[in-house]
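# Commentary on secondary and tertiary structure
Listed below, chain by chain, are the residues.
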Amino acid sequence: QIGNVTQIPFANNTFDVVWCANVTQYLSDVELLQCLGEFRRILKPNGIVAVKELDLASNMICPTLHNPTHSWTLYQHTKHEMVNIKGCLRTPQLPELFRQADLAHINFAYVYGERRSPLSPVETEFIQSIFEYHALIAQAAGTRLPQEDQLLWRKLERFESSDHPMRSPHYYFREGHIVVVGRFDPHSFLPI
């Protein structure tokens, strides 16, 4: 079935497990709480919810042509228009949001994806798409982003450049994800 995570088209107590990957970043704060409430609603007693999401705070590029604050400046200036930027910055709050959704027995772990030179063609294409996306959101930020930052993101989009970080034999890229797991414990759930 096709549905909306804020109004899941299944009956109460239907599933033993709900798995959600790379979706919550696209939800507003209100929608995310509705989504987690829906996950809890469709779970059978003692059912498990697991959410995996990107955490922008964990990303790293080395060697880099820029100070890491360039990424933060970009995120700061675009988080209100780009829901997924705000959502990926909210990732460390997921365990607390599970609690607010009356999920219990909450555990979480960070998982890091690391890539080093030499990059395979698939890794190169993947990381280039990340640079292209950052250049696109830098362009969308327009004059709110310092000109130095705009120029930097445009430069990082040009992969043919001899000084592009991906050409370094010491290139390293890391992205972080969190996996949060909670349980619908009917004995700890207090209806309003």
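As shown above, the structure is provided for reference.
The following refers to the structure shown. Since the structure is predicted, the reported quantities are computational estimates derived from the model, not experimental observations.

## Quick look at the overall build of the chain
Summing up its helical and strand segments, the chain has six helices and four strands in all. Overall, the chain shows an N-to-C arrangement of helices and strands of β-α-β-α-α-α-β-α-α-β. Summarising its shape, the C-alpha atoms of the chain cover approximately 60 × 35 × 30 Å along the three principal directions. When each of the 192 residues of the chain is scored for burial, the buried share is 42%. Residue pairs in contact within the chain that sit at least 24 positions apart in sequence constitute 84% of those at least 6 positions apart.

## Things to note about the environment of L33
Positionally, L33 belongs in helix α1 (residues 29-42). Judged by its relative accessible area of 34%, L33 is partly exposed. In the structure, L33 is positioned 67 residues away from Q100 in sequence and 7.8 Å away in space, judged by C-alpha atoms. For L33, the residues in contact, after removing those within four places along its chain, are L97 and Q100.

## Overview of the pairing of strand β4 (residues 172-183)
With eleven bridges connecting them, strand β2 (residues 43-62) and β4 associate as antiparallel partners. Bridge pairing links M60 to R174 in β4. As paired elements, strand β3 (residues 104-116) and β4 share eleven bridges and run antiparallel to each other. The residue of β4 that forms the bridge with A109 is V179.

## Re the packing of aromatic side chains
Here the structure, examined in full by the defined rule, presents six aromatic pairs. For the ring pair Y110 and Y112, a centre distance of 6.5 Å and an interplane angle of 15° mean the geometry is stacked. By relative accessible area, which is 42% here, Y112 ends up partly exposed. Members of the aromatic cluster, joined through ring pairs, are F108, Y110 and Y112.

## Some thoughts on the side chain of D55
Checked against the element boundaries, D55 lands in strand β2. For D55, which is buried and forms no salt bridge, the nearest opposite charge comes from R174, at a distance of 8.5 Å. Not counting residues within four places of it along the chain, the set of residues in contact with D55 comprises C88, T91, P92, Y110, G176 and H177.

## Notes on the packing of helix α2 (residues 69-78) against helix α6 (residues 147-156)
Close contact between α2 and α6 brings their axes to 11 Å; oriented N to C, the two are set at 105°. It follows that α2 is roughly perpendicular to α6 by the angle criterion. In contact with H70, S71, T73 and L74 of α2, α6 contributes E148, D149, L152 and W153. Considering only residue class, the contact of α2 with α6 consists of three nonpolar, three polar and two charged.

Conventions adopted
Residues numbered from 1 in each chain as written. Predicted model: local features only at pLDDT ≥ 70, side-chain atom pairs only at ≥ 80, totals over all residues. Heavy atoms only, no water. Helix = DSSP H or I, 4+ residues; strand = E, 2+ residues; numbered from the N terminus. Buried < 20%, exposed > 50% of the residue type's maximum accessible area, 1.4 Å probe, protein only. Contact = heavy atoms within 4.5 Å. Pairing = 2+ DSSP bridges. Phe/Tyr/Trp six-rings, centres within 6.5 Å; stacked < 30°, edge-to-face > 60°. Lys, Arg positive; Asp, Glu negative; His and termini not counted. Salt bridge = Lys/Arg side-chain N within 4 Å of Asp/Glu carboxyl O. Axes fitted to C-alpha atoms, helices over the stretch in contact; angles between N-to-C directions. Parallel < 35°, antiparallel > 145°, perpendicular 65-115°, else oblique. Nonpolar A, V, L, I, M, F, W, Y, C, P; charged D, E, K, R; others polar.

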